[in-house]
Amino acid sequence: MTGKRIVIVGGGAGGLALASKLGRKLGHKQGFDICLVDRSPIHIWKPKLHEVAVGVIDQSLDGLLYRDHGLKNGYRYVRGEIEGCDPSGKTIQLAPVYSDDGELLLADRALSYDYLVLALGSVSNTFNTKGAEENCIFLDSLENAERFHHKLLDALLQLNESQGKLSIGIVGAGATGVELAAELHHVIESVKEYGYLNISKHHLDVHLIEASPKILPQLPEKVSARAQSVLDKIGIKLHLGVQVKEVTVQGFVTPDGDVIEASLKVWAAGVKGPAVCAKFTSLPITPRNQIDVDACMRVKGQEDIYAIGDCAALILENGKAVPPRAQSADQMADRLYKNIVNRLQDKAELPFVYKDYGSLVSLSRFSAVGNLMGNLRSGDFFIEGHVARLMYVSLYQRHLGSLYGWFSALIYRLAQKLLRWHRPKLKLH
Ligand SMILES: Cc1cc2nc3c(=O)[nH]c(=O)nc-3n(C[C@H](O)[C@H](O)[C@H](O)COP(=O)(O)OP(=O)(O)OC[C@H]3O[C@@H](n4cnc5c(N)ncnc54)[C@H](O)[C@@H]3O)c2cc1C
């Protein structure tokens, strides 16, 4: 049983939690080779990418280094980007790695596996909207969030001199768009203390554009209404029931031909599987580039390949697809961890059961709102303010718990809190 190589590709909400659990259980003591492949050397939990974008989080201070974390948690980190999968030879192909100035660091390589887990996440879906790819920034990866951050800093520098207006447009009023809009308003209020003396909230226009008639369309009416009233209060300009037809350098073109002008444009409406999935020609791939899996998260038609998280298309018993959310990825990682351990002990693998714990949306320091799922009798209930914020923070704490174990996660959070006293509130470079 020992000596098997379990390769996990993608160290995000699902993949990193799985690698940590398998590493601690099988890597350290039992001699399994638990190998985590990611194209980036640093992990930031994806629901925090909007905080990277505005500079509240600094990846060099807040990020987890896979190489170090792997050493302490019994898995091996391999830097690489998957570009092919050969189930008959039980290998994956990794693309070459180049330095920032284009020097070849690592040639393309093959990596063999006994069991393979694909946990590649998702990318933004522009639904083929004309001009969106060329003119918008997406918040679907650490690099893109950093790109937005640099553009925001450049814009603030100019704004401080010109004292004009900075207009930022966000398409999609789901959790990502709403959280980013609120965070931007908070940041603009904080930059004065760092020498941007001419900037106030009156110099910022944030346009939030949504095709549905309400913001947070997936969430209960009460949550949407409460979040909307907070956004109204802080001055976010909402454009509801507006489907963007085209994106130009100038801004977003509406069906009436009007243009919502924006110098910084963000697309945060919908997700699909990463483009690389279309290259996995031996695997069943859906039209939205997701990998088709059965109830045990095994890729259909493949004995030794699994997929979890946003990149997996898993239809539940009730006929609904598992939603692309961090709590889904975390739960899938947990079930697959138990299934792999069971499989190694010749026990049965159990089907994935999704438990919806509700949704929480952070409105920066202004508030937080959400709904929590209760038991069958009480149904779901609405929360807001400090309680909602506490629950929101506890989601991240849960993720840290999977990565470090509960006690270490608590120490880690306390240390982070203490460090916050000494470091800038915003990343200013
Ligand atoms: C701004 C924002 C806010 C969000 N807020 C919430 C929230 O409040 N609650 C919630 O439940 N969900 C939220 N989500 C959704 C949630 O983040 C995702 O559903 C979740 O992260 C999916 O986990 P995953 O493991 O499938 O993928 P990810 O966490 O995206 O991880 C994918 C990993 O794969 C790596 N990777 C990708 N392609 C390759 C490749 N070709 N080769 C090697 N490595 C690769 C990436 O570097 C990454 O590390 C939010 C998303 C965003 C963007």
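About the cut-offs
Residues numbered from 1 in each chain as written. Predicted model: local features only at pLDDT ≥ 70, side-chain atom pairs only at ≥ 80, totals over all residues. Heavy atoms only, no water. UniProt positions renumbered as here; feature names shortened; annotations may be inferred. Pairing = 2+ DSSP bridges. Helix = DSSP H or I, 4+ residues; strand = E, 2+ residues; numbered from the N terminus. Axes fitted to C-alpha atoms, helices over the stretch in contact; angles between N-to-C directions. Contact = heavy atoms within 4.5 Å. Patch = residues over 30% accessible without salt bridge, like charges linked within 9 Å, V, L, I, M, F, W, Y side chains within 5 Å. Areas by Shrake-Rupley, 256 points an atom, 1.4 Å probe, with all protein chains shown as cover. Salt bridge = Lys/Arg side-chain N within 4 Å of Asp/Glu carboxyl O. Lys, Arg positive; Asp, Glu negative; His and termini not counted. Charge placed at Lys NZ, Arg CZ, Asp CG, Glu CD. Buried < 20%, exposed > 50% of the residue type's maximum accessible area, 1.4 Å probe, protein only. Near = heavy atom within 4 Å. Polar contact = N/O pair within 3.5 Å; in protein donor to acceptor, adjacent residues only side chain to side chain. Nonpolar A, V, L, I, M, F, W, Y, C, P; charged D, E, K, R; others polar. Domains from an automatic or database assignment. Buried area = accessible area lost by both parts, 1.4 Å probe.

As annotated in an unreviewed UniProt entry, the protein chain carries the name NADH dehydrogenase and comes from Shewanella baltica. Here the protein chain is described in UniProt, under the heading Cofactor (unreviewed entry), as follows: "FAD".

Another aspect to go through is the sheet that holds strand β1 (residues 5-9). In a beta sheet, neighbouring strands are held together by backbone hydrogen bonds and run either parallel or antiparallel to one another. Taken in spatial order, the 5 strands line up as β5-β2-β1-β11-β23 in an open sheet, and their pairing is parallel. Whereas interior strands pair on both sides, the edge strands pair on one side only; in this sheet they are β5 (76-79) and β23 (305-307). Pairwise comparison of adjacent strand axes, ignoring direction, gives a mean angle of 20° for this sheet. The pairing of β1 with strand β11 (residues 115-118) spans 4 bridges and is parallel. Paired with V7 across the two strands is L116, which belongs to β11. Relative to the sheet, helix α1 (residues 15-30) contacts β1, β2 (33-38) and β11, its axis offset from that of β2 by approximately 160°. Across the sheet, helix α9 (residues 326-344) lies against β1, β11 and β23, angled at about 170° from β11, the strand it touches most.

As a further point, take a negative patch on the surface. A cluster of like negative charges, contributed by E81, E83, D108 and E143, occupies part of the molecular surface. For D108, the position within the fold is in the loop between β9 (104-106) and β10 (109-112). For D108, a relative accessible area of 52% gives the class exposed.

Near the ligand there are 27 residues, and of these A13, G14, D38, D310 and A326 occur at the shortest range. Here an oxygen atom of the ligand sits 3.2 Å away from a polar atom, N or O, in the main chain of P324. Relative to its unbound accessible surface of 1000 Å², the ligand loses 89% to contact with the protein. With 3 residues, the top contributor of residues to the shell around the ligand is α9. Within the shell around the ligand, the residues separate by chemical class into 11 nonpolar, 10 polar and 6 charged.

The next point concerns the domain arrangement of the protein chain. The domain boundaries assigned to the protein chain delineate domain 1 (5-122 + 273-344), domain 2 (130-267) and domain 3 (358-420). A separation of 31 Å is found between the C-alpha centroids of domain 1 and domain 2. Carbon and sulfur atoms supply 67% of the area that domain 1 and domain 2 bury against each other, a total of about 1300 Å² over both sides. It is H50, A53 and V54 that lose the most area in domain 1 upon contact with domain 2, and together they represent 44% of the buried surface on that side. The interface formed by domain 1 and domain 2 includes 0 salt bridges. The element best represented in the side of domain 1 that touches domain 2 is helix α2 (residues 49-54), accounting for 6 residues. Residues that form the side of domain 1 that touches domain 2 fall into these classes: 8 nonpolar, 5 polar and 3 charged.

This paragraph deals with the UniProt feature "domain: FAD/NAD(P)-binding" (unreviewed entry) in the protein chain. In the UniProt entry, the feature "domain: FAD/NAD(P)-binding" (unreviewed entry) is given for residues 5-333. A helix fraction of 29% and a strand fraction of 25% characterise residues 5-333, whose end C-alpha atoms lie 17 Å from each other.

Attention now moves to the side chain of E179. Tracing the backbone shows E179 in helix α7 (residues 175-190). Within the buried set, E179 has no salt-bridge partner at all; the shortest N-O distance to an opposite charge, 7.7 Å, is to R389. Here the side chain of E179 touches Y392 through a polar contact of 3.5 Å, side chain to side chain. In this structure E179 touches P47, H50, L360, V361, S362 and Y392, once residues within four positions along its chain are discounted.

Counting across every chain of the model gives 21 salt bridges. For R76, the salt bridge goes to D33, with nearest N and O atoms at 2.9 Å. You can see R76 sitting in strand β5 and its partner D33 sitting in strand β2, a full 43 residues away along the chain. R343 is paired through a salt bridge with D304; the nearest N and O atoms lie 2.5 Å apart.

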